[in-house]
Amino acid sequence: KCRNIWTFRAFATQPGGMDRRPKCEVILECALSEPFHIRESPRRRVMKTYLSLVVGCLLLFSYNTHALATDGCLQGDCYNGQGTYRWASGNEYTGTFKNGRRDGKGIFVFANGDRYLGEFRDGKRTGKGTYLYSGGSKYVGEYVDNHREGFGVYTLPNGARYEGEYRKGIKNGYGKFIFPDGSVKDGLWKDNSFVGPSEGPKTRSVRFPRNTITFLR
């Protein structure tokens, strides 16, 4: 019936050094003839239950936070078909996928509140589209590899707008800037700067799902 509960070891220091080696060993054993139970108080049981609930909530919160911060397809077919995909950054895309990339028409919502509605190719904004900025500005026009490329109309929150050509995301080529009071700066632009007047170009219309934009050319 005995159980080895305590073990005492005695050590002696050897003469002439710091080495400690066992000199003798004494083992004390004791036995309990009957099981010994510790009775919990009601207050202790309440505290244990409360702590269990707190730990459970923390684990659940940690799991949900991890799930929300993980990339993943929320619904549909995000490889070849229509689906909705969310990134850990908070960006979200709903539209057509091809070989796991955005390809076709779709809506991309950025974590900062910006939105793009239009065409994609090989995962990038390419084609015709509308970009709505969270600050109130808007661009309607053509894109290539995520850059404004070709003809477009950029409208500021105060109503001023630029209508004309873009190259690699900035004003390059012929265009006109219309101020809120109706005055116009019309001519050639280079690297976002106005160069000077130029002959008026022909016009070209580009059709979008809900409207038609006439671009200068």
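Below, the discussion takes up the overall build of the protein chain. Of the regular secondary structure elements, the protein chain holds 1 helix and 16 strands. Within the span of the protein chain, comprising 217 residues, buried residues form 25% of the whole. The long-range fraction of contacts in the protein chain, counting pairs at least 24 apart against all pairs at least 6 apart in sequence, stands at 11%. Per element, the accessible surface of the protein chain, about 15500 Å² overall, is 54% carbon and sulfur.

On average, residues of the protein chain score 78 in pLDDT, and 64% of them reach the 70 mark or higher. Taken together, the stretch residues 1-36 has pLDDT below 50 and engages in 37 contacts with residues farther than four places along the chain or on a different chain. In the model, residues 63-69 has pLDDT below 50 throughout and makes 2 contacts with residues more than four positions away in sequence or in other chains.

Below, the discussion takes up the pattern of salt bridges. In the structure shown here, the tally under the stated rule is 4 salt bridges. Its salt-bridge partner being aspartate 122, residue arginine 101 comes within 3.4 Å of it at the nearest N-O pair. Separated by 21 residues along the polypeptide, arginine 101 in strand S6 (residues 101-109) and aspartate 122 in the loop between strand S7 (115-121) and strand S8 (124-132) bring together distant segments of the chain. Classification of aspartate 122 as partly exposed rests on a relative accessible area of 46%. Its salt-bridge partner being glutamate 165, residue arginine 167 comes within 3.8 Å of it at the nearest N-O pair.

We now examine the pairing of strand S4 (residues 81-86). By the bridge criterion, 4 bridges tie strand S3 (residues 72-76) to S4 in an arrangement that is antiparallel. Its bridge partner being in S4, glycine 72 is matched across the sheet by arginine 86. Remark: 4 residues form the turn of the hairpin made by S3 and S4, two consecutive strands paired antiparallel. The hairpin formed by S4 and strand S5 (residues 92-98) contains 5 residues between the paired strands, and glycine 90 there has a positive phi angle of roughly 105°.

This next bit is on the state of the cysteines. Applying the stated criterion across every chain, the model contains 1 disulfide. Each sulfur in the disulfide pair cysteine 73 and cysteine 78 lies 2.1 Å from the other. Disulfide cysteine 73-cysteine 78: the torsion about the S-S bond is 70°, which places it as right-handed.

As a further point, take the packing of aromatic side chains. Evaluated as defined, the whole model comprises 18 aromatic pairs. An angle of 35° between the planes, with centres 5.6 Å apart, marks the rings of tryptophan 87 and phenylalanine 108 as tilted. Taken as a pair, tryptophan 87 in the loop between S4 and S5 and phenylalanine 108 in strand S6 lie far apart in primary sequence, 21 residues in all. A relative accessible area of 23% places tryptophan 87 in the partly exposed class. Accessibility expressed as a relative area gives 8% for phenylalanine 108, which makes it buried. Between the NZ or CZ atom of arginine 125 and the centre of the ring of tyrosine 116, over which it lies, the distance is 5.7 Å. Directly above the ring of tyrosine 162 sits lysine 171, whose terminal nitrogen or CZ lies 5.3 Å from the centroid.

Sheet architecture is open: 12 strands sit in the order S3-S4-S5-S6-S7-S8-S9-S10-S11-S12-S13-S14, paired in antiparallel fashion. Taken across any chain shown, the strands that pair with only one partner, and hence form the sheet edges, are S3 and strand S14 (193-196). Neighbour to neighbour, the strand axes of the sheet diverge by 20° on average, direction disregarded. Bridging between S4 and S5 involves 6 bridges; their strand directions are antiparallel.

Parameters and conventions
- Chains are numbered independently. Their residues run from 1 in the order of the written sequence.
- With the structure being a predicted model, the display of local features is reserved for residues of pLDDT at least 70 and the display and counting of side-chain atom pairs for 80 or more, all residues being used for whole-chain, interface and lining totals.
- In computing side-chain properties, one takes all heavy atoms of the structure into account and sets aside hydrogens as well as water.
- Helix and strand assignments come from DSSP, with helices taken as H or I runs of at least 4 residues and strands as E runs of at least 2, each series counted from the N terminus.
- Classification of residues uses two cut-offs on accessible area relative to the type maximum, computed with a 1.4 Å probe and protein chains only: under 20% is buried, over 50% is exposed, and between them is partly exposed.
- Note on contacts: a residue pair qualifies if any of its non-hydrogen atoms lie within 4.5 Å across the two residues.
- Exposure was quantified through the Shrake-Rupley algorithm and a 1.4 Å probe, taking into account, for residues, occlusion by the shown protein chains and nothing else.
- What pLDDT reports is the predictor's confidence in each residue, on a scale of 0 through 100.
- The rule for a salt bridge is simple: a side-chain nitrogen of Lys or Arg has to be within 4 Å of a carboxyl oxygen of Asp or Glu.
- Paired strands are those between which DSSP finds at least two bridges.
- By convention in this document, the label disulfide applies to cysteine sulfur atom pairs within 2.5 Å.
- Pairing of aromatic rings covers Phe, Tyr and Trp, the last counted by its six-membered ring, and requires centre-to-centre distances within 6.5 Å; plane angles under 30 degrees mean stacked, over 60 mean edge-to-face, and any other angle means tilted.
- Each ring is checked for a lysine NZ or an arginine CZ that lies within 6 Å of its centre and within 35 degrees of its normal; such an atom marks a charge sitting over the ring.
- Lines fitted to C-alpha atoms define the axes, with helix axes restricted to the stretch in contact, and inter-axis angles between N-to-C directions lie between 0 and 180 degrees.

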